[in-house]
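Chains, contacts and geometry: an overview
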Protein chains: 2
Amino acid sequence: MNNGKCLVLLSGGIDSSTALWWSIGKFEEIYAITFLYAQRHEIEVEYAKILARKAGVKEHIVFDLSHLFRQIGSSSLIDKSLEVPKGPYPEKGIISTYVPMRNSIFGVIAGAVMEKLEIENVVFGVHASDVPNYPDTRPEWASALEALLNSGSSLSFERSIRIRVLTPLINLKKHQIIELGLKLGVPFEYTWSCYSPKDQKPCGECPACIQRRESFEKLGIKDPLIERLEKKEVKYDREAFA
Amino acid sequence: MNNGKCLVLLSGGIDSSTALWWSIGKFEEIYAITFLYAQRHEIEVEYAKILARKAGVKEHIVFDLSHLFRQIGSSSLIDKSLEVPKGPYPEKGIISTYVPMRNSIFGVIAGAVMEKLEIENVVFGVHASDVPNYPDTRPEWASALEALLNSGSSLSFERSIRIRVLTPLINLKKHQIIELGLKLGVPFEYTWSCYSPKDQKPCGECPACIQRRESFEKLGIKDPLIERLEKKEVKYDREAFA
């Protein structure tokens with residue numbers, strides 16, 4: 001799979017950082033893209049910046065979609081009048097943290113960047129634990145996105161380049177992703193999951209926090225992020241975030 | 001096909017206005033959506049507003065993507081340092097007025113609006129005359145978009161609603177669209193095509209102007225827009241644009 005360039009969608013969380021480290025060694029040039037989308041947990045973008053630097057990507061693109069997503073709204077991740085749910089993810093069904101068409105919008109904008117930079121591969125960290133609650137993480141969603149990128153782009157139109165949507169984690173559950181990430185050397189102490197940060201610390205109560213805690217517990221490991229934050233006197237690790 | 005709601009992508013040009021009038025009578029509620037995307041010919045949005053009013057749509061949504069598309073750039077429609085080509089469309093191949101992934105971005109954002117308003121049908125005025133130059137107008141592009149909207153949306157995920165991407169003009173050439181539009185009663189005097197307006201008038205030299213002129217000539221008709229603009233002393237028809 002050593003065939004040139006890839007673009008990794010990097011949110012700053014466990015999944016996308018594992019997808020990023022998975023890409024290392026497989027591609028000659030790795031680009032990362034992170035979206036500002038008026039998300040409540042904008043702090044994740046700061047974590048994404050550290051991760052991109054530690055992974056040694058060729059370029060980290062931070063793309064601002066705040067204006068667009070404020071117009072879409074309709075999600076407790078964006079609209080501050082809606083409350084982020086507490087407790088674990090429900091077994092099945094859309095929750096208020098779902099953002100309409102978010103991943104599809106990220107995917108086609110990634111496609112525009114790929115056209116400009118002539119990148120043929122795009123890597124998404126979608127995975128099995130997301131599927132019951134988020135439609136735009138399913139295998140059929142990834143296939144449809146690939147078809148759209150290929151039919152709607154000048155890369156495939158003029159130069160018969162075949163764009164590939166790669167989803168290396170699509171069959172893994174959260175704790176399996178952590179296992180893989182540990183093998184790959186992902187610095188999980190610099191990954192962010194919490195939907196509803198307080199004082200630059202995870203809330204501990206939202207579905208993302210609970211899933212993260214339970215997944216590390218399943219592996220008998222203390223969450224390296226919590227460990228790092230507890231060790232530090234300062235809220236921010238100034239060196240890392242410099 | 002009297003099955004509820006539809007959303008029409010309305011640019012203010014010949015094709016999308018014909019698609020809008022095609023929808024009248026077929027759906028109980030018609031919504032239109034128009035995008036500001038930092039396009040040089042932003043005047044088309046004013047025309048779209050008139051058309052939406054004349055068509056009697058339930059709601060005309062004007063969605064601002066200028067901030068997003070300024071970041072994408074890479075097109076003479078957006079980047080003012082690039083020149084809009086003069087002369088007819090080339091027989092084949094991408095031209096500088098192509099905007100990377102534009103229609104796909106419009107499509108998925110339309111999808112977000114459809115989720116919010118529970119609209120099942122979306123109508124695109126893509127057509128055969130665009131296919132040689134714009135990848136994101138091809139039949140396979142429309143099918144891929146439909147698959148993406150269905151796999152990435154909460155409408156199909158939770159409620160087994162099947163979203164349909166309708167492309168009534170996909171096999172028609174520009175002059176055939178005008179023929180159809182005339183039968184449907186489209187007020188072509190309030191449609192805008194020119195990529196490079198000067199003083200609120202069409203330039204007459206860009207590919208869009210030339211294709212429009214040739215298509216009306218083929219039908220032996222004077223372009224109603226030109227007729228309207230020539231009749232008026234004022235640059236803007238103030239009543240219509242009120």
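Residues numbered from 1 in each chain as written. Chains lettered and ligands numbered in written order. Predicted model: local features only at pLDDT ≥ 70, side-chain atom pairs only at ≥ 80, totals over all residues. Heavy atoms only, no water.

1. Quick look at the overall build of chain A
What counts, and what does not: The way it works is that DSSP assigns letters per residue, a run of H or I at least four long becomes a helix, a run of E at least two long becomes a strand, and they are numbered from the N terminus. Here the radius of gyration uses the C-alpha set of atoms, whereas the globule reference equals 2.2 Å times the residue count to the power 0.38. For every residue, the accessible area (1.4 Å probe, protein chains only) is compared with the maximum for its type, and the residue is labelled buried under 20%, exposed over 50%, or partly exposed between those bounds. Per-residue accessibility takes into account occlusion by the displayed protein chains alone, with areas from the Shrake-Rupley method and a 1.4 Å probe. In this tally Asp and Glu are treated as negative and Lys and Arg as positive; neither His nor the chain ends contributes. Where a charge sits is defined by one atom per residue type, namely NZ (Lys), CZ (Arg), CG (Asp) or CD (Glu).
Scanning chain A for helices and strands turns up 10 helices and five strands. For chain A, the C-alpha radius of gyration of 17 Å lies close to 18 Å, the compact-globule estimate for 242 residues. In terms of principal-axis extent, the alpha carbons of chain A reach across some 55 × 35 × 30 Å. In chain A, which comprises 242 residues, the proportion classed as buried is 60%. Summed over all atoms, the accessible surface of chain A reaches about 9900 Å², with 46% contributed by carbon and sulfur. Averaged over its 31 positive side-chain charges, chain A has a centre that lies 2 Å from the centre of its 31 negative ones.

2. With respect to the packing of aromatic side chains
Basically, it comes down to this: In this scheme Phe, Tyr and Trp rings, the latter by its six-membered ring, pair at centre separations within 6.5 Å, and the angle between planes marks the pair as stacked below 30 degrees, edge-to-face above 60, and tilted otherwise. Note on geometry: a ring has a charge over it if NZ (lysine) or CZ (arginine) is within 6 Å of the ring centre and within 35 degrees of the ring normal.
Going through the model one piece at a time under the given rule, you end up with 18 aromatic pairs over all chains. For the pair Tyr-37 of chain A and Phe-69 of chain A, a centre-to-centre distance of 5.6 Å together with 65° between the ring planes defines the contact as edge-to-face. Remark: Phe-69 of chain A occurs in helix α3 (residues 66-72) and Tyr-37 of chain A occurs in the loop between β2 (29-36) and α2 (43-55); sequence separation between them is 32 residues. Judged by centre distance (5.3 Å) and plane angle (85°), the ring pair of Phe-124 of chain B and Trp-141 of chain B falls under edge-to-face. Here Phe-124 of chain B is found in the loop between β4 (121-123) and α5 (139-151), whereas its partner Trp-141 of chain B is found in helix α5, with 17 residues between them in sequence. Owing to a relative accessible area of 5%, Phe-124 of chain B belongs among the buried residues under this scheme. With a relative accessible area of 0%, Trp-141 of chain B lands in the buried category. Feature note: the residues Phe-35, Tyr-37, Phe-63, Phe-69 and Phe-106 of chain A constitute an aromatic cluster, connected by ring pairs. Seen from the ring of Phe-157 of chain A, Lys-92 of chain B lies directly overhead, with NZ or CZ sitting 5.9 Å from the centre.

3. As for the confidence of the model for chain A
Let me state the cut-off plainly: Across the chain, each position has a pLDDT score giving the predictor's confidence in that residue, from 0 to 100.
Mean pLDDT over chain A works out to 94, with 95% of the residues at or above the 70 mark. Scored as a complex, the prediction yields pTM 0.94 and ipTM 0.93.

4. Digging into helix α1 (residues 14-23) of chain B
Residue and element names in this part refer to chain B. Within α1, 10 of the 10 residues are buried, which leaves it mostly tucked inside the rest of the structure. Considered for burial, the residues of α1 that qualify are Ile-14, Asp-15, Ser-16, Ser-17, Thr-18, Ala-19, Leu-20, Trp-21, Trp-22 and Ser-23. The positive-phi residue at the C-terminal boundary of α1 is Gly-25, with phi of around 90°.

5. Observations concerning the relation of the copies chain B and chain A
The cut-off we apply is this: The atoms used to superpose the copies are C-alpha atoms, taken from residues with pLDDT of at least 70 in both, and the fit is least squares. Two residues form a contact once any of their heavy atoms are found within 4.5 Å.
When chain B is fitted onto chain A, the two copies agree to an RMSD of 0.0 Å after a turn of 180° and an axial shift of 0.0 Å. Taken together, the turn and the small shift mark the pair as related by a two-fold rotation axis. When the interface residues of chain B are mapped onto chain A, 100% of them again fall at the interface, so both copies present the same face.

6. Things to note about the interface of chain B and chain A
Here is the rule: Buried area counts how much accessible surface, traced with a 1.4 Å probe, disappears from two parts once they are put together, with both parts' losses summed. Any carboxyl oxygen of Asp or Glu that lies within 4 Å of a side-chain nitrogen of Lys or Arg is treated as forming a salt bridge with it. The definition of a polar contact used here is a pair of N or O atoms within 3.5 Å, where within protein one atom must be able to donate a hydrogen and the other to accept one, and adjacent residues in sequence count solely through side-chain atom pairs. Ten residues, namely Ala, Val, Leu, Ile, Met, Phe, Trp, Tyr, Cys and Pro, are considered nonpolar, four, namely Asp, Glu, Lys and Arg, are considered charged, and the remaining ones, Gly among them, are considered polar.
Taken residue by residue, the interface counts 42 residues in chain B and 42 residues in chain A. Buried area between chain B and chain A, summed over both chains or domains, comes out near 3400 Å², and the portion from carbon and sulfur atoms is 69%. Linking chain B to chain A there are zero salt bridges. Counting across the interface, chain B meets chain A through 16 residue pairs in polar contact (both at pLDDT 80 or more). The set of elements that each furnish at least two residues to the side of chain B that touches chain A consists of β3 (59-64), α3 (66-72), α4 (102-117), α5 and α6 (154-159) of chain B. No other element matches α5 of chain B, which puts nine residues into the side of chain B that touches chain A. In terms of residue class, the side of chain B that touches chain A is built from 23 nonpolar, 12 polar and seven charged.

7. Topic: the pattern of salt bridges
A side chain with one charge can pair with a side chain of the opposite charge if their charged atoms come near. Residue and element names in this part refer to chain A. This structure, assessed with the given rule, holds 17 salt bridges over all chains. One salt bridge in this structure joins Glu-140 and Arg-138, with 3.5 Å as the shortest N-O distance. Residue Glu-140 is classed as partly exposed on the basis of its relative accessible area, which comes to 41%. Arg-138 sits in the buried class, given a relative accessible area of 14%.

8. Points about the sheet that holds β4 of chain B
Residues and elements named next belong to chain B. Threshold: Two strands pair if DSSP finds at least two bridges between them. Structural elements are reduced to axes, namely lines fitted to C-alpha atoms, with helices fitted over the stretch in contact, and the angle between N-to-C directions of any two is expressed from 0 to 180 degrees.
Read from one edge of the open sheet, five strands run β3-β2-β1-β4-β5, paired in parallel fashion. Of all the strands in the sheet, just β3 and β5 (164-166) have a single pairing partner and so form its edges. Ignoring which end each strand starts from, the neighbouring axes of this sheet average 25° apart. Sheet topology places strand β2 (residues 29-36) next to β3; six bridges connect them, and they run parallel. By the bridge assignment for β3, Leu-36 is matched with Asp-64.

9. A short note on helix α2 (residues 43-55) of chain B
All names here are of chain B. This is how it is decided: To estimate the expected span of a helix, count its residues, drop one, and scale the result by 1.5 Å.
Given a rise of 1.5 Å per residue, 13 residues ought to cover 18 Å, and the 19 Å separating the end C-alpha atoms of α2 matches this to within 8%. Turning to α2, its buried residues are Ile-43, Glu-44, Val-45, Tyr-47, Ala-48, Ile-50, Leu-51, Ala-52 and Ala-55. Positive phi shows up at Gly-56, right after α2, with a value of about 70°.

10. Topic: the environment of Ile-14 of chain A
Residue and element names in this part refer to chain A. With respect to the secondary-structure elements, Ile-14 resides in helix α1 (residues 14-23). For Ile-14, a relative accessible area of 1% corresponds to the buried category. When the C-alpha positions of Ile-14 and Ile-177 are compared, they lie 7.7 Å apart, and in sequence the two are 163 residues distant. Ignoring any residue separated from it by four or fewer positions in sequence, one finds Ile-14 in contact with Lys-174, Ile-177, Ile-178, Phe-188, Thr-191, Ser-193, Arg-212 and Phe-216.

11. Regarding the sheet that holds strand β5 (residues 164-166) of chain A
All names here are of chain A. Ordered by their spatial adjacency, five strands build an open sheet running β3-β2-β1-β4-β5, and the pairing between neighbours is parallel. Whereas interior strands pair on both sides, the edge strands pair on one side only; in this sheet they are β3 (59-64) and β5. The sheet shows a mean angle of 25° between the axes of neighbouring strands, taken without regard to direction. One ladder, built from three bridges, connects strand β4 (residues 121-123) with β5; its direction is parallel. Paired with Val-123 across the bridge in β5 is Leu-166. Packed onto the sheet, α2 meets β2 and β3 and runs at close to 165° relative to β3. Along the sheet, helix α4 (residues 102-117) makes contact with β1 (5-9), β2, β3 and β4, crossing β1 at roughly 155°.

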